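# Inside the fold
Now for the letters of each chain:
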Amino acid sequence: MDGTPSDRDLAAIGLLQDPVRRALYGHVVASGGEVSRNQAAEAAGVARGLAAFHLDKLVEAGLLEATFRRLGDRRGPGAGRPAKLYRRAAGQVEATLPPRTYETAAHLLAETVEQAGADLELQAAARRAGAEAGRRLAAETGAGPAPPVERVLAARGYEPYRDGDALRLRNCPFANLSAEFPVLVCAMNLCLIEGLLDGLGQDPGRAVMEPAPDRCCVTVHSKYNQD
Amino acid sequence: MAAQHLAQVNIATLRAPLDGPELAGFVAELEPVNALADASPGFVWRLQTEDGDATAIRPYGDDRIMVNLSVWESFEALRAFVYATRHLEVMRHRRRWFSRMADPYLALWWVPAGTVPTVAEAKRRLELLARHGPGPDAFTFRAPFLRSVTR
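Here the structure is a predicted model, which is why all the values come from computation and not from measurement.

## Some thoughts on the overall build of chain A
A tally of helices and strands in chain A yields nine helices and seven strands. In terms of principal-axis extent, the alpha carbons of chain A reach across some 60 × 45 × 40 Å. When contacts within chain A are restricted to residue pairs at least 6 apart in sequence, those whose partners lie at least 24 apart make up 59%.

## A short note on the overall build of chain B
Counting secondary structure elements, chain B contains five helices and five strands. In chain B, the succession of helices and strands from N to C terminus is β-α-β-β-α-α-α-β-β-α. A compact globule built from 151 residues would reach a C-alpha radius of gyration of about 15 Å, and chain B, at 15 Å, matches this within 12%. With respect to the three principal axes, the spread of C-alpha positions in chain B is 50 × 35 × 30 Å.

## Structural notes on the sheet that holds strand β1 (residues 35-36) of chain A
Residue and element names in this part refer to chain A. In spatial order, the strands read β1-β3-β2; together these three strands make up an open sheet with antiparallel pairing. If you trace the sheet from one side to the other, it starts and ends with β1 and β2 (64-69), each paired once. Of the pairings in the sheet, the one linking β2 to strand β3 (residues 83-88) comprises six bridges and is antiparallel in character. Across the sheet, L64 pairs through a bridge with R88, a residue of β3.

## Quick word on the interface of chain A and chain B
How big an interface is tends to be stated in terms of the accessible area lost upon association of its parts. Each partner contributes to the interface: chain A provides 13 residues, whereas chain B provides twelve residues. Put simply, the parts of the chain that give the side of chain A that touches chain B at least two residues each are α6 (119-140) and α9 (182-199) of chain A. If you tally residues by element for the side of chain A that touches chain B, the top one is α9(A), at four residues. Within the side of chain A that touches chain B, the residues separate by chemical class into ten nonpolar, one polar and two charged.

## Considering the sheet that holds strand β4 (residues 160-163) of chain A
Residue and element names in this part refer to chain A. Pairing within the open sheet is antiparallel, and its four strands lie in the order β4-β5-β7-β6. Two strands lie at the open edges of the sheet, namely β4 and β6 (207-209), each paired on one side alone. If you compare each strand with its neighbour and ignore which way they point, the axes differ by 35 degrees on average. Sheet topology places β6 next to strand β7 (residues 218-221); three bridges connect them, and they run antiparallel. When the sheet's bridge partners are listed, M209 is paired in β7 with V218. Against the sheet, α9 contacts β6 and β7, and its axis sits at roughly 170 degrees relative to β6.

## Thoughts on the nonpolar core
In terms of nonpolar packing, the biggest core is built from 31 residues, with V149(A), C186(A), A187(A), M188(A), L190(A), I193(A) and V218(A) touching the most fellow members. Looking at this core, the elements with two or more residues in it are α6, α7 (149-155), β5 (166-169), α9 and β7 of chain A together with α3 (86-91) of chain B. In contact with V149(A), other than residues within four places in its own chain, are L167(A), L197(A), L200(A), Q202(A) and V220(A). Residues A54(B), W109(B), L129(B) and F139(B) belong to the second largest nonpolar core, which totals 18 residues.

## Regarding helix α5 (residues 102-116) of chain A
The first and last C-alpha atoms of α5(A) sit 21 Å apart over 15 residues, in line with the 21 Å expected at 1.5 Å per residue. With its phi angle positive at about 65 degrees, G117(A) sits one or two positions after the end of α5(A).

## Here's the deal with the domain arrangement of chain A
Parsing chain A into structural domains produces domain 1 (7-88) and domain 2 (103-221). On a C-alpha basis, the centroid separation for the pair domain 1 of chain A and domain 2 of chain A is 30 Å.

## Looking at the pairing of strand β1 (residues 4-14) of chain B
Residues and elements named next belong to chain B. In this structure, β1 lies alongside strand β5 (residues 106-112), joined through seven bridges in antiparallel fashion. For Q8, the partnering residue across the bridge sits in β5 and is L108. With eight bridges joining them, β1 and strand β3 (residues 65-72) adopt antiparallel strand pairing. Across the sheet, residue V9 finds its bridge partner in β3, namely L69. Here β1 pairs with strand β4 (residues 98-99) via two bridges, running antiparallel. Of the residues in β4, the one forming a bridge with T13 is S99.

Rules and cut-offs
Residues numbered from 1 in each chain as written. Chains lettered and ligands numbered in written order. Predicted model: local features only at pLDDT ≥ 70, side-chain atom pairs only at ≥ 80, totals over all residues. Helix = DSSP H or I, 4+ residues; strand = E, 2+ residues; numbered from the N terminus. Contact = placed C-beta atoms within 7 Å. Rg over C-alpha atoms; globule rule 2.2 N^0.38 Å. Pairing = 2+ DSSP bridges. Nonpolar A, V, L, I, M, F, W, Y, C, P; charged D, E, K, R; others polar. Axes fitted to C-alpha atoms, helices over the stretch in contact; angles between N-to-C directions. Core = buried A, V, L, I, M, F, W, Y, C linked by C-beta atoms within 7 Å. Buried ≥ 20, exposed ≤ 12 C-beta atoms within 10 Å, placed from the backbone. Expected span 1.5 Å × (residues − 1). Domains from an automatic or database assignment.

Structure below.
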């Protein structure tokens, strides 16, 4: 959390300048799980060998993680070599210029809100901020329909994906903070999304807290399928 | 080293009487969330009276302070229940129901598997945490001590 971007972070970001690498990284991220070399090559429209080369570069840079696993049910002789699979690395890459350390400030502020027991005040502020952002987005489209929730959440880094009628969120934009202050930060996040929906002219009740491992704890239900 | 389980205590100060309208939302969640705990992986034991929960127990001689005491197989099992189930959804309303406490309101410590702590012991762990900060004998989610120190 030092202010100055590390060589490692700058190298990782530089790596993504290459469009093939960016496409491969994007495909692995969007899959939400593990991707084989063949799958990644196909998605990026490049040869398998080239995909493998770039995927391994992304692993080296700490953007992806690789595991070996046997695909299919066959065991023993004839089952073939285990496949190399890629998934997004857990760590976070960041570089802000000039140096800014908002995360340090966020942790201090969260600690203070927690100490002060100001959960409800934070939730109200988050609801207001979300609603304001939602109204602004809706106003940008003029007389036309407000932008779809899925696109708004994607633009804010939530990485939404469809799960039946529900919209689930693969990424928690506040992951480091919510790991340390789950009650405070997950509630704040829910209120932000409730506010966004409200500002977009949608029912805020569609956003509910449904925690599960490895995703944001908020789910947005379709308006026809509420609890 | 004998197997160890994780004990947790937390206390909470009611903002209003438990049977009043202010606490109705909390009371409504007691049974489903306790059932969820009982069925959670790694759950071992929780303090309860014949009502099925611990809300009748007021260990501080102050009618507003309630206690919650439980034992889990591991730190991870307890953490998963507290922060990655419906329990989290209930906790986000905590300030509607409970006042902020200046002293530590939650303590964790290791107990020999097969034993359960008393309320008096739990109170002692909270005092330890208040006096010395997190250590192997009383710690928190944010400052865990993942293995008991053997002597």
